Amino acid sequence: MSTKEKIGVYICHCGSNIAGMVDVEDVAKWSGEELADEGVIVARDYQFMCSSLGQELIEDDIKEKGLTRVVVGACSPHLHEATFRGACQRAGLNPFLCEMVSLREQVSWVLTDKKVATAKSKALVAGGVERVALHEPLEPLTVPIHPATLVVGGGIAGIQAALEIADSGHHVYLVERDPSIGGHMAQFDKTFPTLDCSACILTPKMVSAGNHPNITLLSWSEVEQVDGYVGNFTATIRKKARYIDEDLCTGCGVCIEKCPKKVIDNVFEAGLGYHKAVDRPFPQAVPKYPVIDKDNCIYFQRGKCRACEIFCPTKAIDFEQEDELIQVQVGNIILATGFDLFDSRRIPQYGYGRLANVFTSLEFERMCNAAGPTNGQVVLRDGVTQPKSVAIVHCVGSRDKNYNSYCSNICCMQSLKFAHLVKERTGAEVYNFYIDMRTIFKDYEEFYQKVLSEGVHFIRGRVAEITDAAREPGEEDKLIVQAEDTFIGKQRRIPVDMVVLSAGLEPRSDSKEVGHTFGISCSMNGWFTEKHPKLDPVATMTEGIFIAGACQGPKDIPASVAQGAAAAARVLGRINQGELALEPVRASVIEELCSGCRICNTLCPFNAISFDTVRKITEINAALCQGCGTCVAACPSEAITGTQFSNAQVLAQLDGLLMLDFSGKPVRQLHPELVPA
């Protein structure tokens, strides 16, 4: 390798994260001595390279020693590459002439032998030195940012995000697949830990979103396709037919009143109540316009009736209305699509769907709601009898390797709220069956102590079975909850009148399809994947796409609101900049080598590749490309190259890693077991 470059090597102790397993001083000393022929003129170690003092070391050496390349051995580039690039830039060196080597994630955190860890660190640094000499100075790509934003999902997180952006003077398209915004929060009665009325705190926000001059509300709509890239997305939205002319409808409700068809409401009322074939989900719905349920409307089924049309005073009923496709231009997108509730029928031993008085948490929420099917009365399935004893089962479908291994976050506090409401409204004996009590946020523990003081019984142990088969006196006509009480080390059978299953949260059933539409990925569980779980929890790996609320993972209302506001802040920052500098590490096509085979066309996870049918060659949209390298690896003609990941750079890095030159002969030996025979 040519030694024309002047390379500085900097090894970070990272406290004891790296230094606890790697002899950092030895790696730095070795780099300065053994890699001098490769261009290394200075090699240092420092306790925290990412600190301001550590960065100043790099900046001073660039200025004083004329460094043309920098290699930093520290933590993951995902975490601090921007930090060290910034230090280079401040010293006048192109930031892309810096290479990071991961000594924490790839060495100290995965090895247990200090000698081997030190040897591996030397090999990685050598690879970085060989590679950085072939780096090219790059300039970021800049794209203008369209000031409008698309928010998908009208729950509390989506509403909060939309209002934050709209209040800042920028336009928002708020898309909700249901007839009304509000999401799951609109179904609840009280919110923990303060027991605020859910509707009282949600409805004003819904009204603000519905009436805001900077928000275009598209309810009963779904995003079908997204094209473009950060700053310049084109979203195709299907606005489903309501069979109501929104320009004529006043929301008076006469059509609802006159409709003769009533069906069970399995969505908003969770199967406990009814809705008309033309109806709005709940009285405070935003927008106020009802929707005709085509599957249950007598006219659509039999061709007769039309009572709603006859009685509508403004002639707003339109049975000929069809779905409408709308295209909008936006610069950024926020996904706040929420969650699904675990289907308790999947645990047959709990008896839901088979035993009448086993209820889900959502059914109980609707039962407690003053506007719900029982007017807020806690009663059995007969709609009249108040229970004298109630069991509440935590973690239904959560923390269970047979279903979902993760904690659903809200179940403990939700169950405590249920216990309080049962006590408040019926005075019944309440038994809470829990695995561990997790009351971890502000004022949650205080609420737990309040429920304890109300006389609620807590039994620590997973429920094995809920049955109506009586075996002992006092169990006749009761539901028997059988569980292990781990505090006393015994199996217990508790006879009760009602059981409430506190069902866990799951990703939306179509989360993977939605992720594919927007070009983002999902975790193994199905939740949308964030860019970084700690440092960037609202961004995704696709520039311009953000996530908020329970679509990212289980969370309660305060956390969802906070995340919605955080996503809005990120979007506003970009809008105010006017343009965005993108990472220039992108794939590009060498046109004279492209054979037009199109193998790469369907492989790109970011939809950045298209085919020019006139010139018969593949083209890559640099603004969409994320530099993942899938197309580079797939191209049989080697016609696609990745910036900063050329064959020469990768082979040079391998040369350093393996301590071999390109002829295959060893040029130096760090540790016998690391050099191939």
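Look above for the structure.
Residues numbered from 1 in each chain as written. Predicted model: local features only at pLDDT ≥ 70, side-chain atom pairs only at ≥ 80, totals over all residues. Heavy atoms only, no water.

**Some remarks on the packing of helix H11 (residues 361-368) against helix H12 (residues 411-426)**
Working step 1: Contact geometry of H11 with H12 gives a least axis separation of 11 Å together with a crossing angle of 40°. When the axes of H11 and H12 are compared, the pair comes out oblique. The handedness of the crossing between H11 and H12 is left-handed. Residues Ser-361, Phe-364, Glu-365 and Cys-368 of H11 pack against Gln-414, Lys-417, Phe-418, Leu-421, Val-422 and Arg-425 of H12.
Working step 2: Residue classes in the contact of H11 with H12 are distributed as five nonpolar, two polar and three charged. (Axes fitted to C-alpha atoms, helices over the stretch in contact; angles between N-to-C directions. Helix = DSSP H or I, 4+ residues; strand = E, 2+ residues; numbered from the N terminus. Parallel < 35°, antiparallel > 145°, perpendicular 65-115°, else oblique. Left-handed = near helix turned anticlockwise from the far one by under 90°. Contact = heavy atoms within 4.5 Å. Nonpolar A, V, L, I, M, F, W, Y, C, P; charged D, E, K, R; others polar.)

**A closer look at the packing of helix H5 (residues 114-132) against helix H17 (residues 647-658)**
Working step 1: Axis separation between H5 and H17 bottoms out at 7 Å; the angle between their running directions is 150°. Between H5 and H17, the crossing angle belongs to the class labelled roughly antiparallel. H5 and H17 meet at a crossing whose hand is right-handed. Taking contact as the criterion, the partners of Ala-123, Leu-124, Ala-126, Gly-127, Glu-130 and Arg-131 in H5 are, on H17, Gln-649, Ala-652, Gln-653, Asp-655, Gly-656 and Leu-657.
Working step 2: Tallied by class, the residues present in the contact of H5 with H17 amount to five nonpolar, four polar and three charged.

**A closer look at unusual backbone geometry**
Most of the time, phi is negative for any residue but glycine, and the peptide bond is trans.
Working step 1: Here the amide bond leading from Phe-192 into Pro-193 is cis, since omega sits at 0°, within 30 degrees of zero.
Working step 2: With omega at 5°, the peptide bond leading from Val-286 into Pro-287 counts as cis.
Working step 3: Inspection of the secondary structure puts Pro-287 in the loop between strand S15 (278-279) and strand S16 (291-292).
Working step 4: Phi angles above zero are rare outside glycine, and Leu-195 is one such case at about 60°.
Working step 5: Along the chain, Leu-195 falls in the loop between strand S8 (190-191) and strand S9 (196-197).
Working step 6: For Arg-399, which is not glycine, the phi torsion reads 50° and is therefore positive.
Working step 7: Mapped onto the elements of the fold, Arg-399 is located in the loop between strand S21 (389-396) and H12.
Working step 8: By relative accessible area, which is 22% here, Arg-399 ends up partly exposed. (Buried < 20%, exposed > 50% of the residue type's maximum accessible area, 1.4 Å probe, protein only.)

**Quick notes on the sheet that holds strand S17 (residues 324-330)**
Working step 1: Here three strands make up an open sheet; going across it, the order is S11-S12-S17 and the pairing antiparallel. Each edge of the sheet is formed by a strand with only one pairing partner; in this case those strands are strand S11 (221-229) and S17. The mean angle between the axes of side-by-side strands here comes to 20°, regardless of whether they run parallel or antiparallel.
Working step 2: Where S11 meets strand S12 (residues 232-239), eight bridges bridge the pair, whose relative direction is antiparallel. Across the sheet, Ser-221 pairs through a bridge with Lys-239, a residue of S12. (Pairing = 2+ DSSP bridges.)

**Examining the pattern of salt bridges**
Working step 1: According to the stated counting rule, one finds 37 salt bridges in the structure shown.
Working step 2: Two residues, Arg-85 and Glu-583, come together in a salt bridge whose shortest N-O distance is 2.9 Å. With Arg-85 in helix H3 (residues 77-90) and Glu-583 in the loop between strand S30 (579-582) and strand S31 (587-589), this residue pair connects regions lying 498 residues apart in the sequence.
Working step 3: For Glu-583, a relative accessible area of 32% corresponds to the partly exposed category.
Working step 4: Between Glu-506 and Arg-346 there is a salt bridge whose closest N-O contact spans 2.8 Å. Here Glu-506 is found in strand S28 (residues 505-507), whereas its partner Arg-346 is found in the loop between strand S19 (339-341) and strand S20 (358-360), with 160 residues between them in sequence.
Working step 5: Sharing partners across several salt bridges, the network here consists of Arg-177, Glu-222, Lys-240 and Asp-510. (Salt bridge = Lys/Arg side-chain N within 4 Å of Asp/Glu carboxyl O.)

**Let's talk about the packing of aromatic side chains**
Working step 1: Inspection of every chain in the model, using the stated rule, returns twelve aromatic pairs.
Working step 2: Their ring planes at 75° and their centres at 6.2 Å tell us that Tyr-434 and Phe-458 sit as a pair that is edge-to-face. Residue Tyr-434 is found in strand S22 (residues 429-434), and its partner Phe-458 is found in strand S23 (residues 457-460); the two are separated by 24 residues along the sequence. Residue Tyr-434 shares its accessibility class with Phe-458, and that shared class is buried.
Working step 3: When the centroid spacing of 5.5 Å and the interplanar angle of 85° are considered together, the rings of Tyr-448 and Phe-458 count as edge-to-face. Of this pair, Tyr-448 sits in helix H13 (residues 444-453) while Phe-458 is found in strand S23, placing the two residues ten residues apart along the sequence.
Working step 4: Residue Tyr-448 is classed as buried on the basis of its relative accessible area, which comes to 14%.
Working step 5: Overall, the relative accessible area of 16% leaves Phe-458 in the buried class.
Working step 6: The ring centre of Trp-220 lies 4.0 Å from the NZ or CZ of Lys-240, which sits over that ring.
Working step 7: The ring of Phe-188 carries the charged tip of Lys-417 above its face, separated from the ring centre by 5.4 Å. (Phe/Tyr/Trp six-rings, centres within 6.5 Å; stacked < 30°, edge-to-face > 60°. Lys NZ or Arg CZ within 6 Å of the ring centre and 35° of its normal.)

**A word on the state of the cysteines**
Working step 1: Applying the stated criterion across every chain yields a total of zero disulfides.
Working step 2: Sulfur of Cys-308: no disulfide; nearest cysteine sulfur belongs to Cys-297 and is 6.0 Å away. (Disulfide = S-S within 2.5 Å.)

**Description of H5**
Working step 1: Look at H5: 27 Å from first C-alpha to last across 19 residues, which is about the 27 Å you get at 1.5 Å a residue.
Working step 2: Counting buried residues along H5, 15 of its 19 residues qualify, which places the element largely inside the surrounding structure.
Working step 3: Regarding H5, its N-cap is Asp-113, as a side-chain oxygen of that residue lies 2.9 Å from the backbone nitrogen of Lys-115 further along. (Expected span 1.5 Å × (residues − 1). Polar contact = N/O pair within 3.5 Å; in protein donor to acceptor, adjacent residues only side chain to side chain.)

**What about the environment of Pro-137?**
Working step 1: Inspection of the secondary structure puts Pro-137 in the loop between H5 and strand S5 (141-144).
Working step 2: The class of Pro-137 is exposed, set by a relative accessible area of 56%.
Working step 3: If sequence neighbours within four positions are ignored, Pro-137 has contacts with Asn-94 and Leu-97.

**A short note on the side chain of Glu-269**
Working step 1: If you trace the backbone, Glu-269 turns up in the loop between strand S13 (262-265) and strand S14 (273-276).
Working step 2: When sequence neighbours within four positions are dropped, the list of residues in contact with Glu-269 reads Arg-366, Ala-371, Gly-372 and Pro-373.

**Looking at the sheet that holds strand S3 (residues 69-74)**
Working step 1: What the four strands build is an open sheet, ordered S2-S1-S3-S4; its pairing is parallel. For this open sheet the edge positions go to strand S2 (40-46) and strand S4 (98-102), each flanked by a neighbour on one side alone. Within the sheet, the average angular offset between the axes of one strand and its neighbour, ignoring direction, is 15°.
Working step 2: With five bridges connecting them, strand S1 (residues 7-12) and S3 associate as parallel partners. By the bridge assignment, Val-9 is partnered in S3 with Val-71.
Working step 3: Sitting on the sheet, H3 is in contact with S3 and S4, with an inclination near 150° to S4.

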